[in-house]
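Below are the chains, spelled out letter by letter.
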Amino acid sequence: PRVWRKRGEAQNPRCLRSSVKFPQSVIVWGAMSSAGVGPLCFLRSKVNTAVYQEVLEHFMLPAADQVYGDADFIFQQDLAPAHSAKATSTWFKDHGIPVLNWPANSPDHNPIENLWGI
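None of these values were measured; they are calculated from a predicted model.

Which residues make up the overall build of the chain, and what values go with them?
The number of helices and strands found in the chain is 4 helices and 4 strands. Its C-alpha radius of gyration of 21 Å places the chain more than 25% over the 13 Å reference for a compact globule of 118 residues. Seen along its three principal axes, the alpha-carbon backbone of the chain occupies a region of about 75 × 30 × 25 Å. Relative to its full complement of 118 residues, the chain shows a buried share of 24%. Within the chain, contacts between residues separated by at least 24 positions form 55% of all contacts whose residues are at least 6 apart in sequence. Split by element, the accessible area of the chain, about 9,600 Å² in all, is 54% carbon and sulfur. Positive and negative side-chain charges of the chain, numbering 11 and 10 respectively, have mean locations separated by a distance of 31 Å.

See the structure below:
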């Protein structure tokens, strides 16, 4: 943006606008189902396969147990690299959790995006 100013006003606070080159961001994992929502997990690091599997272990499994008990369910996730890694697929198989096949590049099909907006 341009600012009209008089000579000598270059450092006048009214003529300056602060900016942040690399703003902070928050990474949040959440879950929802027809029976309700699970707890939110705020992550302090970028999500790799190991971090994602820890979230699944400590947040998804307890939430699924609370909501579904012994009933069957199908887990849905997008195709982020940590989600589609072979190690993550193995984790789901080892825990007996079926994962919904998901089309590539389809964020607008993901129902949780609407929930984030609410």
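Residue-level account of the side chain of H83, with values.
Checked against the element boundaries, H83 lands in helix 2 (residues 81-84). Residues contacting H83, with those up to four places away along its chain left out, are Y52, Q77, D78 and T88.

Lay out the pattern of salt bridges with the relevant residues and their values.
Note on pairing: side chains with opposite charge can pair once their charged atoms come close. Enumeration over the complete set of coordinates arrives at 1 salt bridge. R14 is paired through a salt bridge with E9; the nearest N and O atoms lie 3.6 Å apart.

Report on a nonpolar patch on the surface, specifying residues and quantitative values.
A cluster of nonpolar side chains, V26, L40, F42 and W116, forms an exposed patch at the surface whose accessible area comes to about 440 Å². In this structure, W116 sits in helix 4 (residues 111-117).

Cut-off values and rules
Residues numbered from 1 in each chain as written. Predicted model: local features only at pLDDT ≥ 70, side-chain atom pairs only at ≥ 80, totals over all residues. Heavy atoms only, no water. Helix = DSSP H or I, 4+ residues; strand = E, 2+ residues; numbered from the N terminus. Rg over C-alpha atoms; globule rule 2.2 N^0.38 Å. Buried < 20%, exposed > 50% of the residue type's maximum accessible area, 1.4 Å probe, protein only. Contact = heavy atoms within 4.5 Å. Areas by Shrake-Rupley, 256 points an atom, 1.4 Å probe, with all protein chains shown as cover. Lys, Arg positive; Asp, Glu negative; His and termini not counted. Charge placed at Lys NZ, Arg CZ, Asp CG, Glu CD. Salt bridge = Lys/Arg side-chain N within 4 Å of Asp/Glu carboxyl O. Patch = residues over 30% accessible without salt bridge, like charges linked within 9 Å, V, L, I, M, F, W, Y side chains within 5 Å.

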